[in-house]
Amino acid sequence: MKKILTYFKPYKWQSLLGPLFKLLEATFELLVPFIVGLIVDKGLGERVNGGYPYADKPFIVWMCVVLALFGLFGLVFAVIAQYFAAKTATGVSAGVRKDLFRKIQSLSYKDIDQVGASTLLTRMTSDVDQMQSGINLFLRLFLRSPFIVFGAMAVACIISPDSFGVFAVTIVVLAIVVYAVMFACMPLYKKTQAKLDKVVLSARENLTGARVLRAFCQEEEEREIFQTRNEELTKGRKFVGGVATITNPLTYVLINFAIIWLLWVGALKVDVGDLSQGSVLALYNLMGQILIELIKLANLIVTVTKAAACAGRIETVLTRQPTILLKERENTLLENASGDMIVFDKVSARYNEGAENALTELSFTLKRGETLGVIGGTGSGKTTLVNLIPHFYDVTEGKIFVAGRDVCEADYQEELRLKVGIVPQKALLFKGTIRENLLWGKADATDEELMQAARLAQAEEVILDKGGLDATVEQGGKNFSGGQKQRLTIARALTRNPEILILDDSASALDYATDAALRKAIRGLNTTVVIVSQRASAVRDADKILVLDEGAAVGMGTHEQLMNSCEVYREIYFSQYDESKENNSAEGGAAV
């Protein structure tokens, strides 16, 4: 919780003033039973024949005015206290949410994979909301309720010292009950929030994969999975809610027994003349105040327990250190690096400890302006390779150099990412306009630069058909086809005019003619290009082609060299082209 407490620093005065004004309100409330007792004893006088002939009406009126003033001042102080508590709670939660979002952005791909996107969403939404509610209630009641409970004991002791034992025993028993429930509930709340993560995961997968689910008629199966997870969450919340709700009935029972005991003792004292009727009434009202405040305190503890569990979950993310390796800058650049843009030096990589390598002993050099084609079967390590270049993942062994510098150098990360324009496998557009999406590549790009990038990416027609750069893009780009989204994401990367352009199977939704035109346009750029594709036609004209099989390089060279020397490459090529038409296909590809 230490990390969360630092967010209270900008609101330290509000955190102090909120409880202080609540104490002022509570002070007036504690005086009410005492004033009521005075009205009965001094204002009404002695009861005669069912009436009060000796009532002091001016005194009663004056005391009623005092009570009204107490209520008015209490209301003003309560509103002020609520304002400060709400301002602190919302401010702290806003700061936590902001830093949580920043922390998520700083996490490596590996960290996000390990924690899970649905878990991070729950931290950002439900957990922060629960924490905010707990802070708000805590600042309003954590001093007020104990103050009234112990203040009521003190006032009761002044009115009748013999009643102190009744109050003391009642409060001790109630404290034991409340704290027992609190300690029982805290681990249960953590478990229920973990079950909420699974429910959010199901909802997220069903929303993002709705088309796939319907295509494979998996709606019923997914409903059953969701229902199972939802029932587990419901059962968990019912159980912890049942444990928590025990507090209120137990509190009522104990307080009512205490009131019976108090009235019995008070009646005996009134009968012998040791205590006035007004004093008994004041003691009864004080016990009622204790009842109300202990119920509030019980609810406070339940809410704060939830908030503490949620804050602990949030803090695990805030304090999580990115697992990406960063090191100090080396004194010398890679030798002979003036012409080398990308160098892999015996690189091995795996995603988790104990897992098999995704890449093994991979070495190659790509010079500035060259094009590297990467091809291989599913799971051969193609995407892993391109994710290592901008340092999205760490290597397990070996080194990677970009423009002569190790990609792991701490002061090179931003510069490295600015050198690279990457188009991932899944084309993703963000809600807004086409212009806003393309400006991610270069924030100050002109319309002419945006349209030039679009022409290179074969996306100019898409933009014009949609109505121009200010055309609306819906969430996820769902108002664009797969091929249109791919062309726009390529245009976004080209807007930056990157030194390195990575196309990770990013033309899979394009027809062959558009794909060929795209490759022809990219060849005209003075850019180092890495093309990952399942299509042999997409990589055959590359300066170098790297063939991967189960994470290892089984071939490296031009198309012609690999056709003569690499069995894996020949198998991929002939699976896509009829061997008898190889010459025609080759001529057609070279002519593009």
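Above this note sits the structure.
Residues numbered from 1 in each chain as written. Predicted model: local features only at pLDDT ≥ 70, side-chain atom pairs only at ≥ 80, totals over all residues. Heavy atoms only, no water.

A. Main features of the packing of aromatic side chains. Under the counting rule described, the total for this entry stands at 14 aromatic pairs. For the pair phenylalanine 21 and phenylalanine 77, a centre-to-centre distance of 5.8 Å together with 45° between the ring planes defines the contact as tilted. Note that phenylalanine 21 is positioned in helix α2 (residues 12-44) and phenylalanine 77 in helix α3 (residues 57-106), a separation of 56 residues in sequence. The pair formed by phenylalanine 21 and phenylalanine 77 is uniform in burial state, with each residue classed as buried. Measuring from centroid to centroid gives 5.0 Å for tyrosine 351 and tyrosine 393, while their planes differ by 85°, and the two rings are edge-to-face. (Phe/Tyr/Trp six-rings, centres within 6.5 Å; stacked < 30°, edge-to-face > 60°. Helix = DSSP H or I, 4+ residues; strand = E, 2+ residues; numbered from the N terminus. Buried < 20%, exposed > 50% of the residue type's maximum accessible area, 1.4 Å probe, protein only.)

B. Spatial organisation of the sheet that holds strand β5 (residues 405-406). Pairing is antiparallel in the open sheet, where 4 strands are placed in the order β2-β1-β4-β5. Unpaired on one side and paired on the other, β2 (359-367) and β5 mark the two borders of the sheet. Bridging between strand β4 (residues 397-402) and β5 involves 2 bridges; their strand directions are antiparallel. Pairing of valine 402 across the sheet is with arginine 405, part of β5. (Pairing = 2+ DSSP bridges.)

C. The side chain of arginine 535, seen in detail. Here arginine 535 shows up in the loop between β10 (528-532) and α19 (536-539). Arginine 535 sits in the buried class, given a relative accessible area of 15%. There is a polar contact of 3.0 Å between the side chain of arginine 535 and the side chain of aspartate 515. (Polar contact = N/O pair within 3.5 Å; in protein donor to acceptor, adjacent residues only side chain to side chain.)

D. Examining the environment of glutamine 277 more closely. Relative to the helices and strands, glutamine 277 resides in helix α11 (residues 277-318). As for glutamine 277 and valine 532, which are separated by 255 residues in sequence, their C-alpha atoms are 91 Å apart.

E. View of the side chain of threonine 88. Tracing the backbone shows threonine 88 in helix α3. Take threonine 88: its relative accessible area is 0%, and that puts it in the buried class. The contact partners of threonine 88, leaving out residues within four places of it in the chain, are Phe8, Tyr11, Gln14, Ser15 and Leu139. (Contact = heavy atoms within 4.5 Å.)

F. Region of the structure containing unusual backbone geometry. You will see that histidine 391, though not glycine, has its phi angle at about 65°, which is positive. By secondary structure assignment, the location of histidine 391 is in the loop between α12 (382-388) and β4. For histidine 391, a relative accessible area of 2% translates into the label buried.

G. Fine view of the environment of phenylalanine 216. Assignment of secondary structure puts phenylalanine 216 in the loop between α8 (210-215) and α9 (219-245). Separated by 94 residues in sequence, phenylalanine 216 and cysteine 310 have C-alpha atoms that sit 37 Å apart.

H. Examining the pattern of salt bridges more closely. According to the stated counting rule, one finds 27 salt bridges in the structure shown. Where glutamate 220 meets arginine 223, a salt bridge forms, and the shortest distance between an N and an O atom there is 2.9 Å. With a gap of 3 residues between them, glutamate 220 and arginine 223 both fall in helix α9, about one helical turn apart. Look at glutamate 220 and you get partly exposed, because its relative accessible area is 44%. Of the charged contacts, one joins arginine 455 and glutamate 448 as a salt bridge, the two residues approaching to 2.8 Å between their closest N and O atoms. (Salt bridge = Lys/Arg side-chain N within 4 Å of Asp/Glu carboxyl O.)

I. Focus on helix α10 (residues 247-272). The end-to-end C-alpha distance of α10 is 38 Å, a good match for the 38 Å that 26 residues give at a rise of 1.5 Å each. Turning to α10, its buried residues number three or more, namely Thr247, Thr251, Ile255, Ala258, Ile259, Leu262, Gly266 and Lys269. (Expected span 1.5 Å × (residues − 1).)

J. Broad picture of the sheet that holds strand β12 (residues 552-557). In spatial order, the strands read β6-β9-β10-β3-β11-β12; together these 6 strands make up an open sheet with mixed pairing. In this open sheet, the two edge strands, each paired with only one partner strand, are β6 (420-423) and β12. On average, each strand axis in the sheet is inclined to that of its neighbour by 15°, with strand direction left out of account. Here 5 bridges tie strand β9 (residues 500-504) to β10, and the two strands are oriented parallel to one another. Residue pairing in the sheet places aspartate 504 in a bridge with valine 532 of β10. (Axes fitted to C-alpha atoms, helices over the stretch in contact; angles between N-to-C directions.)

K. Here's a closer look at the nonpolar core. Judged by nonpolar contacts, the single largest core of 45 residues is most densely connected at Ile375, Ile434, Ile463, Leu488, Ile545 and Tyr569. Those residues in contact with isoleucine 463, other than ones at most four positions away along the chain, are Ile434, Leu438, Met451, Ala454, Gly468, Leu469 and Leu488. Among the nonpolar cores identified, the runner-up in size contains 36 residues, and Ala26, Leu286, Ile295 and Ile301 belong to it. (Core = buried A, V, L, I, M, F, W, Y, C linked by side-chain atoms within 4.5 Å.)

L. Highlighting the packing of α9 against α10. Contact pair α9 / α10: the axes reach a minimum separation of 5 Å and the direction vectors enclose 15°. Between α9 and α10, the interaxial angle falls into the category roughly parallel. For the pair α9 and α10, contact is made by Val243, Ala244 and Thr245 and by Thr247, Asn248 and Pro249, respectively. The residue makeup of the contact of α9 with α10, split by class, is 3 nonpolar, 3 polar and no charged. (Parallel < 35°, antiparallel > 145°, perpendicular 65-115°, else oblique. Nonpolar A, V, L, I, M, F, W, Y, C, P; charged D, E, K, R; others polar.)

M. Representation of the pairing of strand β3 (residues 371-376) within the structure. Counting buried positions over the 6 residues of β3 gives 6, a clear majority of the element. What you see with β3 is no split at all: Thr371, Gly373 and Ile375 on one side and Leu372, Val374 and Gly376 on the other are buried throughout. Across 4 bridges, β3 lies against β10 in parallel orientation. Looking at the pairing, leucine 372 lines up with valine 530 of β10. The pairing of β3 with strand β11 (residues 544-549) spans 5 bridges and is classified as parallel. Bridging from a neighbouring strand, glycine 373 pairs with isoleucine 545 of β11.

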